[in-house]
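Chain residues, written in single-letter form:
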Amino acid sequence: MHASEHPGRILRMALPSPLRRLFDYRVPESWSQATLVPGVRISVPFGNRTLIGLLVEQTDNSELAPEQLKTAIELIDSTPLLPDALLELCRWCADYYHHSLGDTLSVALPALLRQGHATSLAEPHWRCLQPLDDKLRQQLQRAPRQLQAMEELARHPKGVSQPLLASLGISTPTLKTLREKQLLVCEQREEPVHWPSPLLHEAPLPLNADQQGALDRIECDLDRFHCHLLQGVTGSGKTEVYLRCIEQVLLQGKQALVLVPEIGLTPQTLQRFRQRFNVPTAAMHSGLNDRERLKAWLDARSGRAGILIGTRSSLFTPLLRPGIIIVDEEHDASYKQQEGLRYNARDLAIYRAKLENIPIVLGSATPSLESLHNALQQRYSQLLLPQRAAASHPHYELIDLRGQPLVAGMTPALQGQVEQHLAQGNQVLLFLNRRGYAPTLLCHQCGWVAECRLCDSRMTLHRSPPHLHCHHCDSQAPVPFRCPQCQSEELYPVGQGTERSEEELQQRFPKRSILRIDRDSTRRKDAMGKLLKQIQRGEPAILLGTQMLAKGHHFPAVTLVAILDIDGGLFSTDFRGLERMGQLLLQVAGRAGRADRQGSVAIQTHNPEHPALLQLIHQGYEPFARTLLQERQLLGLPPFQYLVLLRGEAPAMALSQQLLADTRQAGEAQVQTAGLKVSLLGPIAAPMERRQGRYRSQLLLQSHSRRDLHQLLQVLVPVMEAHPLGRKVRWSVDVDPQEML
DNA sequence: AGCACGCCGACT
DNA sequence: GTCGGCGTGCTC
Ligand SMILES: [Zn+2]
Ligand SMILES: [Zn+2]
């Protein structure tokens, strides 16, 4: 330890680098001490480049000798970019997921701030200085562009921002000309921070008794940390409860953070919030450009926005006066990041609520087993919304596929039902979770199947346009005309994808409109909107689609939902397979039924006796989930024990196996010496050994104790970092893994 | 991760 | 002779 000659003159920085440590710098002589608070951005020399990092703390001693330290370059902020709570959240997150703090902060901050952009988005505003009278019109008669600009600005005497004017086709040179004529003035302006009143734009909907009960419970702990699990079936009015909670929070002058799944942030969702409240609602989703993202972030931080709605990474957005966090569809897998910093936004949201001492509401019709377990253990309050606001519970029916002749993947019985519902003027939704034409292309003569060059998987056959496509690595290939093995021309598609079902449905129901909704049919911009519009008209139609159809959208004219093949979900290799199946099934089923009549749900299966499936449809989600919880307990799986998955992938299997085997050995030694209660399983080859040309294997750590797991990783991560194979093998630490694949 | 350095094969 | 492959080391 070296003491510096000037106390407090060493800057401990988190830098955007995967290195899991902090870096010390000297303060330039010229800087004043006063403004150096943790959380400000500072640019520093790093190797032979310059990086922008965040100040973590100031100290007067360093592991390194003073002459080994470089001097910081530039102080970018006078006030911290992130408030204490957010800094603490990022520190905790980096620690819990064993990630570098600098990289964690990079995930938390909008790209423009990482690059050093200012924390204000003041825009030039133009305002007119003279009324646009006839005399002035006369003067500008021969300058139509200038006249257009004056007309626009005369309509908005308070001024209009330059980008908005540009979008109306009014160019900056035109405006500058008018300024020279003393007709306009330009000023830098930021939007006001105060909220318009009244807060409400429209009156809230009346609540039923259950909704009121849930709201009362949440309101009674509005000023402190508490976690609520709001469990309500589709159509039970969860969103209205959210809106009423938010209203209370806004009335106290505080803000709300609403997290939604990746595909949940539809224009309709946003509209619902903006229609209810006059207070600005900021949205953050993948469709924003860097500037729009920064604007939303700054609006939340400054308190300008009363509500921030966003997907996973919005969790890291600071709020000036945090009041509540809502996690909608809390069971959704998209809350877990699947690469880099593998955080779970739902779990971090709970920790954030604790830090900020505010309530959090987890909402779902089909809660994750983790959250349900916590509610059953009384760690969360469980708020039930059992009734569907309008329609009654749908009617479920299992259809045995065994030995049945199929057309478009449907048994004769199901075809009959479809016909019947269409004839009554209703819509029918067919769910098939498989894109493309067929999952396999097979040679009838020799048994050859089209496989991916880079993965241990089969290529999916697509017809429009014709090609083979690997859904695991995105590689594509032309459809062969002859079998590459035996030259036969008898190449047959095997299995049923949405494209093929669409084709067969058109033959089976030639007079009906068939609307296919999957990633391929909605790829073009606007295509989704068009399809939704057509569905919303309510004319009889068959809607055929994948997961996309199940999430977010409501189809009031649908009275029959059919799941063409549930069996894939019943026998997944992943331990969450059944949980996922149940959640997806109920989510799809929730599309059935309208206000005035009961909906039907038909489920086709080769396993009509499957106990979990029977329990789900006869007793509902919670009994089904309780059974799964018992199984998890017996098997030592989450939420009863905790898991960490160490993954490795390399150009050869031996490399990643070796790294993980050595890691395991180091782990066993540590378990011995430190007396940790952790089991190490593996390394084993991943369920799909080769993916994108890389061989993958994994080492599983399992324990009753999060503390022991954490302590073990504290040793193992440096072992992997220092291992000579740690470079050749791409490895990652996945705490609380979502998928084992 | 990024970037430099350095050591070997194969090209003008 | 040098151009460039990637193994190795380092980043306050
Ligand atoms: Zn063949
Ligand atoms: Zn592939």
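The structure presented is a predicted model; accordingly, all values stated were derived computationally and were not measured. (Residues numbered from 1 in each chain as written. Chains lettered and ligands numbered in written order. Predicted model: local features only at pLDDT ≥ 70, side-chain atom pairs only at ≥ 80, totals over all residues. Heavy atoms only, no water.)

Engineer: Which residues make up the coordination of the zinc ion (ligand 1), and what are the values?
Structural biologist: For the zinc ion (ligand 1), the full set of protein donor atoms is C443 (SG), C446 (SG), C483 (SG) and C486 (SG), at a range of 2.2 to 2.4 Å. One can describe the site at the zinc ion (ligand 1) as tetrahedral: its four donor atoms subtend angles covering 105 to 112 degrees at the metal. (Donors = N, O, S within 2.8 Å, 3.2 Å for Na, K, Ca; no water. Tetrahedral: all angles 85-135°; square planar, octahedral: opposite > 155°, others 65-115°.)

Engineer: For the protein's contact with DNA strand C, give the residues involved together with the corresponding values.
Structural biologist: Surrounding DNA strand C, one finds 13 residues, the nearest of these being D24, Y25, P45, K70 and R727. Backbone atoms, meaning sugar plus phosphate, form 30% of the atoms of DNA strand C positioned within 4 Å of the protein. Within the side chain of Y25, a nitrogen or oxygen atom sits 3.1 Å from a phosphate oxygen of DNA strand C. Secondary-structure elements contributing two or more residues to the surface near DNA strand C are β3 (23-26) and β4 (41-46). Its residues assigned to classes, the surface near DNA strand C shows seven nonpolar, two polar and four charged. (Near = heavy atom within 4 Å. Polar contact = N/O pair within 3.5 Å; in protein donor to acceptor, adjacent residues only side chain to side chain. Helix = DSSP H or I, 4+ residues; strand = E, 2+ residues; numbered from the N terminus. Nonpolar A, V, L, I, M, F, W, Y, C, P; charged D, E, K, R; others polar.)

Engineer: Now, about the UniProt feature "binding site: Zn(2+) 1" (unreviewed entry) in chain A: what can you tell me, with residues and values included?
Structural biologist: Within the UniProt annotation, "binding site: Zn(2+) 1" (unreviewed entry) is assigned to C443, C446, C483 and C486. The greatest C-alpha distance among the residues just named is 8.6 Å, despite their covering 44 residues of sequence, which places them together in space. If we skip the residues at most four places from it in the chain, C443 touches W448, C483, C486, S488, E490 and L491. Looking at the element boundaries, C486 is found in the loop between β24 (476-477) and β25 (491-494). The residues touching C486, leaving out its near neighbours within four places in the chain, are C443, Q445 and C446. (UniProt positions renumbered as here; feature names shortened; annotations may be inferred. Contact = heavy atoms within 4.5 Å.)

Engineer: Could you give an account of the side chain of S368, naming the residues involved and the relevant values?
Structural biologist: For S368, the location among the structural elements is in the loop between β17 (359-364) and α13 (369-376). Ignoring anything within four residues of it in the chain, the contact list for S368 reads E330, H331, R346, E579 and Q583.

Engineer: Residues and numbers for the coordination of the zinc ion (ligand 2), please.
Structural biologist: Ligation of the zinc ion (ligand 2) by protein atoms is provided by C452 (SG), C455 (SG), C470 (SG) and C473 (SG), these donors lying 2.3 Å from the ion. Given four donor atoms and angles of 104 to 114 degrees at the metal, the environment of the zinc ion (ligand 2) is assigned as tetrahedral. Along the chain, the residues that donate to the zinc ion (ligand 2) are spaced as C-x2-C-x14-C-x2-C. Of the residues examined, C452 reaches a relative accessible area of 4% and is grouped as buried. Classification of C455 as buried rests on a relative accessible area of 1%. (Buried < 20%, exposed > 50% of the residue type's maximum accessible area, 1.4 Å probe, protein only.)

Engineer: Which residues make up the domain arrangement of chain A, and what values go with them?
Structural biologist: As assigned here, chain A comprises domain 1 (2-114), domain 2 (124-188), domain 3 (209-385), domain 4 (395-438 + 495-632) and domain 5 (642-735). Taking only C-alpha atoms, the centre of domain 1 and the centre of domain 2 are 46 Å apart. (Domains from an automatic or database assignment.)

Engineer: Requested: an account of the protein's contact with DNA strand B, with residues and values cited.
Structural biologist: Taken together, P18, N48, R49 and R727 are the residues near DNA strand B. Put simply, 73% of the atoms of DNA strand B that lie within 4 Å of the protein are in sugar or phosphate. Contact distances for DNA strand B include 2.9 Å between a sugar or linking oxygen and a side-chain N or O atom of N48. Its residues placed into classes, the surface near DNA strand B shows one nonpolar, one polar and two charged.

Engineer: Go over the sheet that holds strand β27 (residues 541-545) with me, naming the residues and quoting the values.
Structural biologist: Strand pairing in a sheet is mediated by backbone hydrogen bonds. Such pairs are either parallel or antiparallel. Spatially, the six strands line up as an open sheet ordered β19-β29-β28-β20-β27-β26, and their pairing is parallel. Among the strands making up the open sheet, the edge pair consists of β19 (395-400) and β26 (513-517). Taken pair by pair, the neighbouring strands of this sheet meet at an average axis angle of 20 degrees, ignoring direction. Pairing of strand β20 (residues 427-431) with β27, which is carried by four bridges, proceeds in the parallel orientation. What sits directly across from L429, in β27, is L543. Sheet contacts for helix α14 (residues 412-423): β19, β20, β27, β28 (558-563) and β29 (600-605); angle to β28, the most-contacted strand, approximately 165 degrees. Lying over the sheet, helix α19 (residues 577-589) contacts β19, β20, β28 and β29, oriented at roughly 155 degrees with respect to β28. (Pairing = 2+ DSSP bridges. Axes fitted to C-alpha atoms, helices over the stretch in contact; angles between N-to-C directions.)

Engineer: Tell me about the nonpolar core, and name the residues and values.
Structural biologist: F316, L585, L646 and L701 are the most contacted members of the largest nonpolar core, which has 116 residues in total. Among all residues touching L646, those that are not within four sequence positions of it are L660, T663, S697, Q698, L699, L701, L713, L716, M720, S732 and V733. (Core = buried A, V, L, I, M, F, W, Y, C linked by side-chain atoms within 4.5 Å.)

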